[in-house]
Number of protein chains: 2
Amino acid sequence: MLDNLRGMAVFASVVNHGSFSGSARELGITTSAVSQQIRSLENDLGVVLLHRSTRKLSLTEAGAGFYEAAKDVVDAAEQGRMRVNQLRDELAGSLRIATTPELSVNHILPALSTWLTAHDDLAVHFLADNHYIDMIDERVDIAIRMSPSIVDSKMSSHALAEVKQVLVASPEYLQQHDKIETPKDLSKHELIGIELVKDPNVLEMVCRESGKKTKVKCNTRIQTNNVFVATALAKSGHGLVRMISLDIQKELDSGELVEVLPEYQLPDYVLYAVTLDREQQPAKITRCLEVLKEYFENYSK
Amino acid sequence: MLDNLRGMAVFASVVNHGSFSGSARELGITTSAVSQQIRSLENDLGVVLLHRSTRKLSLTEAGAGFYEAAKDVVDAAEQGRMRVNQLRDELAGSLRIATTPELSVNHILPALSTWLTAHDDLAVHFLADNHYIDMIDERVDIAIRMSPSIVDSKMSSHALAEVKQVLVASPEYLQQHDKIETPKDLSKHELIGIELVKDPNVLEMVCRESGKKTKVKCNTRIQTNNVFVATALAKSGHGLVRMISLDIQKELDSGELVEVLPEYQLPDYVLYAVTLDREQQPAKITRCLEVLKEYFENYSK
DNA sequence: AAGCATTACGGCGTACGTAATGATT
DNA sequence: AATCATTACGTACGCCGTAATGCTT
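Residues numbered from 1 in each chain as written. Chains lettered and ligands numbered in written order. Predicted model: local features only at pLDDT ≥ 70, side-chain atom pairs only at ≥ 80, totals over all residues. Heavy atoms only, no water.

Caption draft 1: Structural context of the overall build of chain A. When helices and strands are counted, chain A shows nine helices and 15 strands. The C-alpha atoms of chain A give 32 Å as radius of gyration, which overshoots the globular expectation for 301 residues (19 Å, by more than 25%). Its C-alpha atoms give chain A principal-axis dimensions of roughly 105 × 35 × 30 Å. A burial count over chain A gives 49% of its 301 residues as buried. (Helix = DSSP H or I, 4+ residues; strand = E, 2+ residues; numbered from the N terminus. Rg over C-alpha atoms; globule rule 2.2 N^0.38 Å. Buried < 20%, exposed > 50% of the residue type's maximum accessible area, 1.4 Å probe, protein only.)

Caption draft 2: How the structure looks around the sheet that holds strand S12 (residues 240–244) of chain B. Residue and element names in this part refer to chain B. Overall, mixed pairing links the five strands, which are arranged S11-S8-S12-S7-S13 in an open sheet. Unpaired on one side and paired on the other, strand S11 (223–224) and strand S13 (258–259) mark the two borders of the sheet. The pairing of strand S8 (residues 191–194) with S12 spans two bridges and is classified as parallel. Bridge assignment links Ile-192 to a residue of S12, and that residue is Val-241. Packing against the sheet, helix H7 (residues 227–235) makes contact with S8, S11 and S12, and its axis sits at approximately 140 degrees to S12. On the sheet, helix H8 (residues 245–254) packs against strand S7 (165–169), S12 and S13 and is oriented at approximately 120 degrees with respect to S12. (Pairing = 2+ DSSP bridges. Contact = heavy atoms within 4.5 Å. Axes fitted to C-alpha atoms, helices over the stretch in contact; angles between N-to-C directions.)

Caption draft 3: Seen up close, the interface of chain A and chain B. Listed per partner, the contact involves 55 residues of chain A and 55 residues of chain B. Between chain A and chain B, roughly 4800 Å² of surface is buried when both sides are summed, and carbon and sulfur atoms account for 61% of that area. Applying the counting criterion to the chain A and chain B interface returns five salt bridges. At the surface where chain A touches chain B, the tally comes to 13 residue pairs in polar contact (both at pLDDT 80 or more). Tallying contributions element by element places helix H4 (residues 61–89) of chain A first for the side of chain A that touches chain B, with 17 residues. When its residues are assigned to classes, the side of chain A that touches chain B shows 24 nonpolar, 13 polar and 18 charged. (Buried area = accessible area lost by both parts, 1.4 Å probe. Salt bridge = Lys/Arg side-chain N within 4 Å of Asp/Glu carboxyl O. Polar contact = N/O pair within 3.5 Å; in protein donor to acceptor, adjacent residues only side chain to side chain. Nonpolar A, V, L, I, M, F, W, Y, C, P; charged D, E, K, R; others polar.)

Caption draft 4: Structural context of the relation of the copies chain A and chain B. Structural alignment of chain A on chain B gives an RMSD of 0.1 Å, achieved by rotating through 180 degrees and translating 0.0 Å along the axis. The superposition of one copy onto the other is thereby described by a two-fold rotation axis. Nearest to the rotation axis, the C-alpha of Val-73 of chain A is located 2.3 Å from it, this being the minimum over chain A. (Least-squares fit on C-alpha atoms with pLDDT ≥ 70 in both.)

Caption draft 5: Looking closely at the sheet that holds strand S13 (residues 258–259) of chain A. All names here are of chain A. Across the sheet, which stays open at both edges, the five strands sit in the order S11-S8-S12-S7-S13 with mixed pairing between neighbours. Bordering the open sheet on either side are strand S11 (223–224) and S13, each of which pairs with just one other strand. Two strands pair when backbone bridges link them, and strand S7 (residues 165–169) and S13 are joined in this way by two bridges, in the antiparallel orientation. In the sheet register, Ala-169 faces S13, and the bridge partner there is Val-258. Across the sheet, helix H7 (residues 227–235) touches strand S8 (191–194), S11 and strand S12 (240–244), and the angle it forms with S12 is around 140 degrees. Set on the sheet, helix H8 (residues 245–254) makes contact with S7, S12 and S13; between it and S12 the angle comes to about 120 degrees.

Caption draft 6: Expanded view of helix H2 (residues 20–27) of chain B. Residue and element names in this part refer to chain B. Among the residues of H2, Phe-20, Gly-22, Ser-23, Ala-24 and Leu-27 are the ones counted as buried. The N-cap residue of H2 is Ser-19: its side-chain oxygen and the backbone nitrogen of Gly-22 are 2.9 Å apart. Looking one or two residues past H2, Gly-28 carries a phi angle of roughly 75 degrees, positive in sign.

Caption draft 7: Region of interest: the side chain of Ser-58 of chain A. Among the structural elements, Ser-58 of chain A can be located in strand S2 (residues 56–59). For Ser-58 of chain A, a relative accessible area of 14% translates into the label buried. Not counting chain neighbours up to four residues away, the residues in contact with Ser-58 of chain A comprise Leu-49, Leu-50 and His-51 of chain A together with Ile-136 of chain B.

Caption draft 8: The pattern of salt bridges, seen in detail. Inspection of every chain in the model, using the stated rule, returns 19 salt bridges over all chains. Residue Lys-235 of chain B pairs with Glu-251 of chain B through a salt bridge whose shortest N-O separation is 3.9 Å. Of this pair, Lys-235 of chain B sits in helix H7 while Glu-251 of chain B is found in helix H8, placing the two residues 16 residues apart along the sequence. By relative accessible area, which is 7% here, Glu-251 of chain B ends up buried. For Lys-235 of chain B, the salt bridge identified is with Glu-256 of chain B, shortest N-O distance 3.7 Å. Of the two residues, Lys-235 of chain B is situated in helix H7 and Glu-256 of chain B in the loop between H8 and S13; the sequence distance between them amounts to 21 residues. You can call Lys-235 of chain B partly exposed: its relative accessible area is 34%. Three or more residues joined by partner-sharing salt bridges are found here, namely Lys-235, Glu-251 and Glu-256 of chain A.

Caption draft 9: Local environment of the state of the cysteines. Residue and element names in this part refer to chain B. Enumeration over the complete set of coordinates arrives at zero disulfides over all chains. In this structure Cys-207 is not part of a disulfide, and its nearest cysteine sulfur, from Cys-218, lies 17 Å away. Given the relative accessible area of 12%, Cys-207 is considered buried. (Disulfide = S-S within 2.5 Å.)

Caption draft 10: Region of the structure containing a nonpolar patch on the surface. Residue and element names in this part refer to chain A. Where nonpolar side chains cluster on the molecular surface, the patch consists of Val-105, Leu-109 and Phe-228 and spans about 250 Å² of accessible area. Relative to the assigned elements, Leu-109 resides in helix H5 (residues 101–118). Given the relative accessible area of 34%, Leu-109 is considered partly exposed. (Patch = residues over 30% accessible without salt bridge, like charges linked within 9 Å, V, L, I, M, F, W, Y side chains within 5 Å. Areas by Shrake-Rupley, 256 points an atom, 1.4 Å probe, with all protein chains shown as cover.)

Caption draft 11: Just H7 of chain B, in detail. All names here are of chain B. Within the span of H7, buried status applies to Val-227, Ala-230, Thr-231, Leu-233 and Ala-234. Down the axis of H7, the buried side of the element spans an arc of 160 degrees, and every buried residue falls inside it. Packed against the buried residues of H7 are helix H5 (101–118), S8, S11, S12 and H8. You can read the cap of H7 off the contacts: a side-chain oxygen lies 2.7 Å from the backbone nitrogen of Phe-228, and it is on Asn-226. One or two positions beyond H7, positive phi appears at Gly-237, with a value near 80 degrees. (Arc of directions from axis to C-beta.)

Caption draft 12: Region of the structure containing the side chain of Asp-141 of chain A. All names here are of chain A. Mapped onto the fold, Asp-141 is located in the loop between strand S4 (122–128) and strand S5 (142–146). No salt bridge is formed by the buried Asp-141; its nearest oppositely charged neighbour, Arg-96, is found at 6.0 Å. With near-sequence residues (within four places) excluded, Asp-141 lies in contact with Ser-94, Leu-95, Arg-96, Met-135, Val-274, Thr-275, Leu-276 and Ile-285. (Lys, Arg positive; Asp, Glu negative; His and termini not counted.)

Caption draft 13: Fine view of the packing of helix H1 (residues 5–17) of chain B against H2 of chain B. All names here are of chain B. The geometry of H1 relative to H2 is characterised by a closest axis approach of 8 Å and an angle of 120 degrees between their N-to-C directions. As far as their axial angle goes, H2 and H1 are oblique. Crossing hand, H1 versus H2: right-handed. Where H1 approaches H2, its residues Val-10, Ser-13, Val-14 and His-17 are matched on the opposing element by Phe-20, Gly-22, Ser-23, Glu-26 and Leu-27. Split by residue class, the contact of H1 with H2 holds four nonpolar, four polar and one charged. (Parallel < 35°, antiparallel > 145°, perpendicular 65-115°, else oblique. Left-handed = near helix turned anticlockwise from the far one by under 90°.)

Written out as structure tokens, the structure reads:
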């Protein structure tokens, strides 16, 4: 199966050129090498492929038959090489990006929007899911994740942005419940839990002035795995919710939700783009990462 | 163009088996070798072809594209190998035989007749021509020739039969002309010349009893390059004609022509089958030679 | 523990180039 | 004489096997 593929390519070249020396020039080897390849091939096949009369080459019947196949071999090899080059260098083929639905809608899509329209050879697949997904199984090129995240040894992370966590609630909720002036006050409040974080009902808060840390445990009666749901719950006044500022910016701007205890801060998250390999990435992946980085750099200014 | 064809075959095998070790078993090499081939291929292409997670292999997009081509490569190679084997081992394809028209009609066709009908995958081409032909240019597999014949260094001869030359004439001619009792008497006779021999009008005769050689020069008014024409001329009583006994046997048997000076003999010819190479001949060629030899062995008994 | 892939290392073989030879125009 | 193919020979690189290592089930 592995036998003499090289010889076949040489043979095809020889037939194309009608001479050993012409072939040798094309292949960048000597006529000697060509001659040896052909001889070896003929010995291997147990048949004479071409009659050689110094000035003229002439295929035998077996040679003619074999040439068809040899041509197919080099054509296929050529095509494979071209295809790979295309997928490596051009913004073509498919690009699969995994995020949470919220990040996707709020940030990744906006970040990539213009880039995507500029490269319509690119078939982009957004896998928006809250479950952990296997990047290899799902053929994910880029996964957008929050730290701390499980990062395989074979993966590499690209920090995109520092993301603030904020504690928010609707103005109505704050009016109707006990006033919140220190972290301690939180323990009497209802925290809408988001299953995606490890300790849904524990808040670590740091005072911006003193740097003093406080851990508060809240009640978490209502839980969800979906940020949209959590937002809706918060807006309806069902409680406090802890959220990535990116996900809630719109509601803060409109006043639908307001920050609670702004003088205390929750631990930051880092938004990462995770890829499988650092080296030898197709251009579309590295370009996409660049676009994302640029977007989030401008965003945080 | 010659790069990594081996690697492509290995890659195709790996993808087919879904594992390095499975591929290694098929290819009869170690997993180490497989791993190195794939790595070399990936480095060469500048792209990751498959993600490996110990238990599971998974193609990248580029890998999937490249696999299509790699499969084509091995398929084409396989097919070429099969085709060559077929043309080498089976009695199929074409077989080109060059003879003179006379030999063809009188002997080669009868000799091969049953063999040909037994192998109908064989497309036989008879090149019946009196001109010298280039075996390579005309793709002749077997040429039937008389000695002494121009034999290239690359050709090899296979003696088929000793062929007697006989001097014949029609009974009517002999009656109407001077009686022929010794070679000397021939000088007054008309010899129909056949251009195919070197000295058409010179006869070298050896007495069967004494072994004495005589050279006689005859008149040659009528010449032809065609044995059929010469035979017809002889039958019409236009003169003596010197011929290969094979070509004239029928007329001798029927009495249309009779031998002149049977106690003297002309130099023998040897009927040869000439092929281009002795080694690595397709089966159909060697088989055909065997059939011919057998035929002429039985014939001379 | 077993099966699998990767890596380093070293040996062997193959593919190549050089140079000389032979063949053909 | 010039161009081309073949061959012998020496060399160097490539390919592969061994063995050790790491990873996964």
